[in-house]
Amino acid sequence: MNKRKSVSAIVPVYNEEKTISKVVSTLLKNNLIDEVICINDGSTDTSMDVLNQYKEKIETIDLQKNQGKGFALSVGIKKAKGEIVAFIDADLTNLSDDHIRDLLIPILDNEATGVVGYPASITGNLLNPLSNFSGERAYYKKDLVSHVEEMAETRFGVEVFLNHLFDKDEIKKVPLKNLKGLFKYEKRGLLNTVTEYHGEISEVIEEVIKQKGFFKAG
């Protein structure tokens, strides 16, 4: 029997005090996850205090200043010991073993170079139109290590960046039945949400333009 490939779960955390404990606990209990790495991306709430409760069981990296999701993931990739890295959002409210298994099995079984898991209703598998921006992903670490410096600059355009690293036929999209996360306004309040969305959308558009080759970053 071939030995299963090792998996490092990488969780970027920015002000996720309401949900991070559930996410970490679920990852730690899952038998497909060999390592959990949480990157506290300059949180100003109690997220770091929550992570400290797991300090004997997880790898925690505490960034004093918010650097953006792309930077946090790049730090996690550098630290990861697993052959496969799984990106898991910290704001999920009902992450389960089934979700993790559905995300990882295609890459563990050599069906794909990478996997993108998108939230889907429990009654159907219709492709979510926002699936290209899903944060639940799995890749071989070796395919990402040469790109981490570029990734670090993408902030919230990181999913767009990742989409352009691989041919579409190399990536498998899988539905994660009934997976849910908090809406941003539930975490930040309405005013902060409007401000953050404006910045994030600008970063996504900038990365789309860059990847389409309309201009070169200088």
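So, a few notes on the structure that sits alongside this text. Predicted model only: the values in this text are computed from it and were never measured.

Right, let's talk about the overall build of the protein for a bit. Tallying secondary structure elements over the protein gives eight helices and seven strands in all. Relative to its full complement of 218 residues, the protein shows a buried share of 48%. Considering only residue pairs separated by 6 or more positions, the protein has 77% of its internal contacts joining residues 24 or more positions apart. In the form shown here, the protein has an accessible surface area of approximately 11,600 Å², with 52% of it arising from carbon and sulfur atoms.

The next point concerns the packing of aromatic side chains. Describing an aromatic ring pair means giving the distance of the ring centres and the angle of the ring planes. Scanning the model with the defined rule gives two aromatic pairs in all. Between the aromatic rings of Tyr139 and Phe166, the centroid separation amounts to 5.1 Å while the plane-to-plane angle is 10°, which identifies the pairing as stacked. Taken as a pair, Tyr139 in strand β6 (residues 136–140) and Phe166 in the loop between α6 (158–163) and β7 (171–177) lie far apart in primary sequence, 27 residues in all. When its relative accessible area of 1% is taken as the criterion, Tyr139 is described as buried. Joined through ring pairs, the aromatic side chains of Phe87, Tyr139 and Phe166 make up one cluster.

Glancing now at the side chain of Ser74. With respect to the helices and strands, the residue Ser74 is situated in helix α3 (residues 69–79). Within the local environment of Ser74, its side chain forms a polar contact with the backbone oxygen of Phe71, the two atoms lying 2.6 Å apart. Contact partners of Ser74, with chain neighbours within four places excluded, come to Val148, Met151 and Ala152.

This part is about the pairing of strand β4 (residues 84–87). Here β4 shows no split at all, with Ile84 and Ala86 on one side and Val85 and Phe87 on the other all buried. As defined by bridge partners, strand β1 (residues 7–13) adjoins β4 across four bridges and the pair is classed as parallel. When the bridges of β4 are listed, Val7 appears paired with Ile84. Note that β4 and β6 share four bridges and pair antiparallel. Looking at β6, one finds that Phe87 is bridged to Arg137.

The next subject is helix α4 (residues 97–108). Under the 1.5 Å per step criterion, the end-to-end length of α4 is 15 Å for twelve residues, consistent within 8% with the ideal 16 Å. Turning to α4, its buried residues number three or more, namely His99, Ile100, Leu103, Leu104, Pro106, Ile107 and Leu108. Next to the buried residues of α4 lie β1, α1 (20–29), β4, β5 (114–120), β6 and β7. Where α4 ends, the next residue or the one after it, Asn110, has phi of about 60°, a positive value.

Thresholds, definitions, all that
Residues numbered from 1 in each chain as written. Predicted model: local features only at pLDDT ≥ 70, side-chain atom pairs only at ≥ 80, totals over all residues. Heavy atoms only, no water. Helix = DSSP H or I, 4+ residues; strand = E, 2+ residues; numbered from the N terminus. Buried < 20%, exposed > 50% of the residue type's maximum accessible area, 1.4 Å probe, protein only. Contact = heavy atoms within 4.5 Å. Areas by Shrake-Rupley, 256 points an atom, 1.4 Å probe, with all protein chains shown as cover. Phe/Tyr/Trp six-rings, centres within 6.5 Å; stacked < 30°, edge-to-face > 60°. Polar contact = N/O pair within 3.5 Å; in protein donor to acceptor, adjacent residues only side chain to side chain. Pairing = 2+ DSSP bridges. Expected span 1.5 Å × (residues − 1).

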